[in-house]
Amino acid sequence: MHQLTLAEIARGLADKKFSSEELTKVLLARITQLDPQLNSFISLTEELALEQAKAADVRRANGESGALLGAPIAHKDLFCTQGIRTSCGSKMLDNFKAPYDATVVSKLAAAGTVTLGKTNMDEFAMGSANESSWYGAVKNPWNLEHVPGGSSGGSAAAVAARLLPAATATDTGGSIRQPAAFTNLTGLKPTYGRVSRWGMIAYASSLDQGGPLARTAEDCAILLQGMAGFDPNDSTSIDEPVPDYAAGLNGSLQGLRIGVPKEYFGAGLDPRIADLIQNSIKELQKLGAVIKEISLPNMQHAIPAYYVIAPAEASSNLSRFDGVRFGHRCEDPKNLEDLYKRSRGEGFGPEVQRRIMVGAYALSAGYYDAYYLKAQKIRRLVKNDFMAAFNEVDIILGPTTPNPAWKLGAKNSDPVAAYLEDVYTITANLAGLPGLSMPAGFVDGLPVGVQLLAPYFQEGRLLNVAHQYQLNTDWHTRTPTGF
Ligand code: GLN
């Protein structure tokens, strides 16, 4: 039963092959048995899950239907869940029980999903290896000595290990697409504003976006359908109708214009990944797509710009965690200053402290123009590159990451080495564009992802291309040994 996709679960529940309660019990038992190897959950919510599963079974018995009615999922532990610890992977929020549900959580609950738990993540979503979590590193089910990617590493490892069919995640600079690539999943970062950020603990508000992580494009379509839509509580949410994503999966790719940026294939890309990307291009050509070389000339400036803008926003967002209004409070503070200093010093881990310092520096008087303003100008150039490219092509294709998942600890002493691995993903966040990563093969037994980018609000196009690709390839069906 644990191998079923969301689409198969919906059919099984509709045909009364099993109940949501039965399925939920199987998956909870599987998590208890296997997760100690992975550390992909921070909290399990067994009671809530069984309650929601029973309620979904009653709704089905009363004639209701719906692709998510009775579907077990989990939420990345930065989506607020009422009465349940929402830690953001940090000691700072280890004691924080959210007083309300994030919009994504309440929308999915209303659609009938069953919450199995809250998944592990890099602290405050800062990272690309899921090693900065206060709750310990997450392991990659494809090789337990390797990282699963981050910051949504818990969601990715759990779905890849078949502990559950799909999970929510967020992507500020690649945290849905990169762990998808590292664990052989399909992950979609929607257009900025497509999915509400209300109740999603902020890292960098102008870049953060929630989205689905699942094994197939079809399942991403199903989960996104439940997450997307206008939310008056989020001032950056966009009031744009949500299409029927599942209905759009079967469009023909005949004549689809795919742009392949020449800058993507420069130094730094593992040549074995380059070969796999070429294979996926050939596969899409067989389905009727037309390939065109394009250029994204400002791509080289994206990493430095992102690593100014994201920490700047983080330093501002994280100022609320002061031991007074939220979060960890130190023992016996001598005075107010001591309270702030020690509460924040004890509550935040080293990567978060590094980013707060970088961000505060970049925003300070005298440095604002030199760093922050310049980074914002680069951001516009990156967006302009994409706008020019999308005049000529329908989607852009390339690798999701330059290398496969690295060994645990391999980049711990050199944060910049980890930042460089984000080279292909962060541009979509800077421009606000939707992006998808899907399985494209293996290197040394480790999964490799191919990334597709599309114009604003063309999530449906990405899902359609990925679904057609998955009907003709079987990378996404491979299961890690031992799971
Ligand atoms: N690796 C990037 C960072 O550390 C992206 C993280 C994310 O998307 N949340 O900022």
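Conventions we followed
- Residues numbered from 1 in each chain as written.
- Predicted model: local features only at pLDDT ≥ 70, side-chain atom pairs only at ≥ 80, totals over all residues.
- Heavy atoms only, no water.
- Helix = DSSP H or I, 4+ residues; strand = E, 2+ residues; numbered from the N terminus.
- Expected span 1.5 Å × (residues − 1).
- Buried < 20%, exposed > 50% of the residue type's maximum accessible area, 1.4 Å probe, protein only.
- Contact = heavy atoms within 4.5 Å.
- Polar contact = N/O pair within 3.5 Å; in protein donor to acceptor, adjacent residues only side chain to side chain.
- Core = buried A, V, L, I, M, F, W, Y, C linked by side-chain atoms within 4.5 Å.
- Near = heavy atom within 4 Å.
- Areas by Shrake-Rupley, 256 points an atom, 1.4 Å probe, with all protein chains shown as cover.
- Nonpolar A, V, L, I, M, F, W, Y, C, P; charged D, E, K, R; others polar.
- Patch = residues over 30% accessible without salt bridge, like charges linked within 9 Å, V, L, I, M, F, W, Y side chains within 5 Å.
- Salt bridge = Lys/Arg side-chain N within 4 Å of Asp/Glu carboxyl O.
- Pairing = 2+ DSSP bridges.
- UniProt positions renumbered as here; feature names shortened; annotations may be inferred.
- Axes fitted to C-alpha atoms, helices over the stretch in contact; angles between N-to-C directions.
- Parallel < 35°, antiparallel > 145°, perpendicular 65-115°, else oblique.
- Phe/Tyr/Trp six-rings, centres within 6.5 Å; stacked < 30°, edge-to-face > 60°.

(A) Examining helix H10 (residues 336-347) more closely. Taking 1.5 Å as the rise per residue, H10 with 12 residues should run 16 Å; its terminal C-alpha atoms sit 16 Å apart, in good agreement. Taken residue by residue, H10 has Asp338, Leu339, Ser343, Arg344 and Gly347 as its buried positions. Packing partners of the buried residues in H10 comprise helix H11 (350-363). Of the residues that open H10, the one with a side-chain oxygen 3.3 Å from the backbone nitrogen of glutamate 337 is asparagine 335.

(B) Local environment of the nonpolar core. Core analysis: the largest hydrophobic core is formed by 103 residues, its most contacted members being Phe124, Phe386, Ile396 and Leu463. It is helix H9 (residues 302-317) that contributes the most residues to this core, nine residues altogether. Counting residues in each nonpolar core, the second largest holds 31 residues, with Leu28, Val159, Leu164 and Leu213 among its members.

(C) Local environment of the site of the ligand. Contacts to the ligand come from 15 residues, most closely from Thr172, Gly173, Ser175, Tyr203 and Tyr306. Between the ligand and threonine 172 there is a distance of 2.8 Å, counted from an oxygen atom to a backbone nitrogen or oxygen. A distance of 3.4 Å separates an oxygen atom of the ligand from a polar atom in the side chain of tyrosine 307. Taking 290 Å² as the accessible area of the ligand by itself, protein coverage stands at 100%. Each residue belonging to the shell around the ligand can be placed in one class, and the counts come to five nonpolar, seven polar and three charged.

(D) Layout of a nonpolar patch on the surface. Side chains of Val324, Leu336 and Tyr340 sit close together on the surface and give an oily, nonpolar patch of about 270 Å² of accessible area. If you trace the backbone, valine 324 turns up in the loop between H9 and H10.

(E) Up close: unusual backbone geometry. Residue serine 151 follows glycine 150 across a cis peptide bond; omega there is 5°. Within the secondary structure layout, serine 151 lies in the loop between strand E3 (114-119) and helix H5 (153-160). Positive phi is not limited to glycine here, since arginine 162 has a value of about 60°. As for its position among the elements, arginine 162 is in the loop between H5 and strand E4 (166-170). The exposure class assigned to arginine 162 is buried, which follows from its relative accessible area of 3%. In this structure, aspartate 444 is a non-glycine residue whose phi angle is positive, near 50°. By secondary structure assignment, the location of aspartate 444 is in the loop between strand E10 (435-443) and strand E11 (446-453).

(F) Broad picture of the environment of phenylalanine 457. With respect to the secondary-structure elements, phenylalanine 457 resides in the loop between E11 and helix H15 (459-472). Spatially, the C-alpha atoms of phenylalanine 457 and lysine 76 are 23 Å apart, while their sequence positions differ by 381 residues. Once residues lying within four places of it in the same chain are set aside, the contact partners of phenylalanine 457 are Thr191, Arg194, Ile238, Glu240 and Pro434.

(G) Spatial organisation of the pairing of E11. Across the eight residues that make up E11, a large majority, eight, are buried. In E11, alternate side chains face the same way, and those of Leu446, Val448, Val450 and Leu452 on one face and Pro447, Gly449, Gln451 and Leu453 on the other are all buried. As defined by bridge partners, strand E9 (residues 395-399) adjoins E11 across four bridges and the pair is classed as antiparallel. Paired with leucine 397 across the bridge in E11 is leucine 452. Pairing of E10 with E11 involves eight bridges; the strand directions are antiparallel. Pairing of proline 439 across the sheet is with glycine 449, part of E11. A loop of two residues connects E10 with E11, the two strands running antiparallel in sequence, and aspartate 444 in this loop sits at a positive phi of about 50°.

(H) Spotlight on the UniProt feature "domain: Amidase" (unreviewed entry) in the protein chain. Look at the UniProt record and you will see "domain: Amidase" (unreviewed entry) annotated at residues 22-463. Note that residues 22-463 is 37% helix and 14% strand, and that its end C-alpha atoms are spaced 30 Å apart.

(I) Structural view of the packing of H9 against H11. Packing of H9 against H11 brings their axes to within 7 Å, and their N-to-C directions diverge by 100°. By the criterion of interaxial angle, the relationship of H9 to H11 is roughly perpendicular. Contacts between H9 and H11 involve Tyr307, Val308, Pro311, Ala312 and Ser315 on the former and, on the latter, Arg355, Ile356, Val358, Gly359, Ala360, Ala362 and Leu363.

(J) Fine view of the packing of aromatic side chains. The full count for this structure, using the stated rule, is 17 aromatic pairs. Here the aromatic rings of phenylalanine 96 and phenylalanine 326 are separated by 5.9 Å at their centres, their planes lie at 75°, and the arrangement is edge-to-face. Placement of the pair is phenylalanine 96 in the loop between strand E2 (72-76) and helix H4 (103-110) and phenylalanine 326 in the loop between H9 and H10, with a sequence separation of 230 residues. Judged by relative accessible area, which is 15%, phenylalanine 96 ranks as buried. Among the aromatic side chains, those forming a connected cluster through ring pairs are Phe96, Phe124, Phe321, Phe326 and Phe348.

(K) Looking closely at the UniProt feature "active site" (unreviewed entry) in the protein chain. Residues annotated by UniProt as "active site" (unreviewed entry) correspond here to Lys76, Ser151 and Ser175. The greatest C-alpha distance among the residues just named is 11.1 Å, despite their covering 100 residues of sequence, which places them together in space. With relative accessibility at 0%, the residue lysine 76 sits in the buried group. In this structure, lysine 76 is in contact with Lys118, Thr119, Met121, Ala125, Ser151, Ser152, Ser155, Thr168, Ala169, Thr170 and Ser175, ignoring residues within four places of it in sequence. Inspection of the secondary structure assignment puts serine 175 in the loop between E4 and helix H6 (177-183). If we ignore the near neighbours within four places in the chain, the residues touching serine 175 are Lys76, Ala125, Gly127, Gly150, Ser151, Ser152 and Thr170. From its side chain, serine 175 meets the backbone nitrogen of serine 151 in a polar contact 2.6 Å long.

(L) Just the side chain of aspartate 322, in detail. Topologically, aspartate 322 is positioned in the loop between H9 and H10. Under the relative-accessibility criterion, aspartate 322 is labelled buried at 7%. A distance of 2.9 Å separates a polar side-chain atom of aspartate 322 from the backbone nitrogen of arginine 325. Beyond its immediate sequence surroundings of up to four residues, aspartate 322 is in contact with Tyr340, Ser343 and Arg344.

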